[in-house]
Amino acid sequence: MALVTMTDMLQKAKGEKYAVGAFNIVDYNSLRAVVQVAEALKAPVIVQTSVKTVRFWGPSTIVSWLREIASESPIPVALHLDHCKEVDYIKTCIDAGWTSVMIDASAKPFEENLAATRQAAELADAAGVSVEAEMGRIVGVEDDIFVAEHDAHLADVDEAVAFCKDLNLAVFAPAIGTAHGVYKGEPKIAFDRIEEIARRTGLPIALHGGTGLADEVFRKAISLGCAKVNISTAIKYAFIDGFVDDYNANRKYEPLGPLGAQLDCVGQVVTQNIKLFGSEGKV
Ligand code: 13P
């Protein structure tokens, strides 16, 4: 199956009350782990890249990996750009072949966030690419974006509804109390806002900061309208630990051993989350 946008896969997920996993890959091996597992579990999947990862490898390299791996795949796969602050870079990725983009102008005041999102949405609409936008501020570090706790605030429901009204978004990411990175304490999730924003906008909701949330938090958020769950930190841990632990156990300068262990380790994280989000068997 060719690469697809997120629009149909997330509408279906919202309607049937499961979520599609959006996994931040960092290289070919992690990408391969995500797609192989999703295929084995017959699950739709979102391969997500941070801007930092795209700059590291170059856009065309990442697209060529994914086309090679996913073009023959029986499952729908979306290639999504995570948290991009620059409309110009969104254009670069759309031109290179991304099927979905996130504009993150959430640090700006309402009107400026809306204007930047509208600009990105126009580019994306013209290219047949789906769009995610953010409102409120999600605490923590997502590659080169850092939001301190005192800067984080939840999305206001009325503002969120006004924001989404004229935008053709595939999914909306309101800050609802989750955080990027490792949780320091028990996060307080504003489930009431998830429910109200999902109902009043009619949009699937993206849950950012998926690493470390309790299973019940996922289940409840998904039952209320979350249809996309982002997992990045857990992939990074599995990627490094999978390689390093295997090397430490065998102490051989034979890279294919640790690379195989890394593939398995990332694959385990993806398996566990796809099962938890209920997207197994949905293709
Ligand atoms: P985690 O790093 O907490 O898994 O969050 C991922 C994310 O939301 C990426 O946008």
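Residues numbered from 1 in each chain as written. Predicted model: local features only at pLDDT ≥ 70, side-chain atom pairs only at ≥ 80, totals over all residues. Heavy atoms only, no water.

**Q** Before we move on, can you summarise the environment of Arg 118 with the specific residues and values?
**A** If you trace the backbone, Arg 118 turns up in helix H6 (residues 110–127). As for Arg 118 and Arg 55, which are separated by 63 residues in sequence, their C-alpha atoms are 24 Å apart. Not counting chain neighbours up to four residues away, the residues in contact with Arg 118 comprise Asp 166 and Leu 167. (Helix = DSSP H or I, 4+ residues; strand = E, 2+ residues; numbered from the N terminus. Contact = heavy atoms within 4.5 Å.)

**Q** Any details on helix H8 (residues 191–201)? Residues and values, ideally.
**A** Quick reminder: α-helices carry 3.6 residues per turn. Residues three or four places apart thus point the same way. Taken residue by residue, H8 has Phe 191, Ile 194, Ile 197, Ala 198 and Thr 201 as its buried positions. Taken around the axis of H8, the buried residues stretch over an arc of 135°, which confines them to a single face. Turned more than 90 degrees away from the buried face of H8, the exposed residues are Asp 192 and Arg 199. Contact partners of the buried residues in H8: helix H1 (7–16), helix H7 (157–164), strand E8 (171–174), strand E9 (205–207), helix H9 (215–224) and strand E10 (226–231). At the exit of H8 stands Gly 202, carrying a positive phi of roughly 75°. (Buried < 20%, exposed > 50% of the residue type's maximum accessible area, 1.4 Å probe, protein only. Arc of directions from axis to C-beta.)

**Q** Account for the site of the ligand, with residues named and values stated.
**A** The ligand sits among 15 residues. The nearest are Asp 82, Gly 209, Thr 211, Ser 232 and Thr 233. The backbone of Gly 209 places a nitrogen or oxygen atom 2.8 Å from an oxygen atom of the ligand. Within the side chain of Asn 230, one N or O atom sits 3.1 Å away from an oxygen atom of the ligand. Alone, the ligand offers 310 Å² of accessible surface; in the complex the protein occludes 100% of this. More than half of the atoms of the ligand fall within 2 Å of the grid points belonging to the largest cavity. For the shell around the ligand, the secondary structure elements donating two or more residues are strand E3 (77–84) and E10. Looking at the shell around the ligand, its residues break down into two nonpolar, eleven polar and two charged. (Near = heavy atom within 4 Å. Polar contact = N/O pair within 3.5 Å; in protein donor to acceptor, adjacent residues only side chain to side chain. Areas by Shrake-Rupley, 256 points an atom, 1.4 Å probe, with all protein chains shown as cover. 1 Å grid on protein atoms, 1.4 Å probe; cavity = no way out; pocket = protein on both sides within 12 Å on 5 of 7 lines; lining within 4 Å. Sits in = over half its atoms within 2 Å of the grid points. Nonpolar A, V, L, I, M, F, W, Y, C, P; charged D, E, K, R; others polar.)

Geometric values such as these leave the question of function open.
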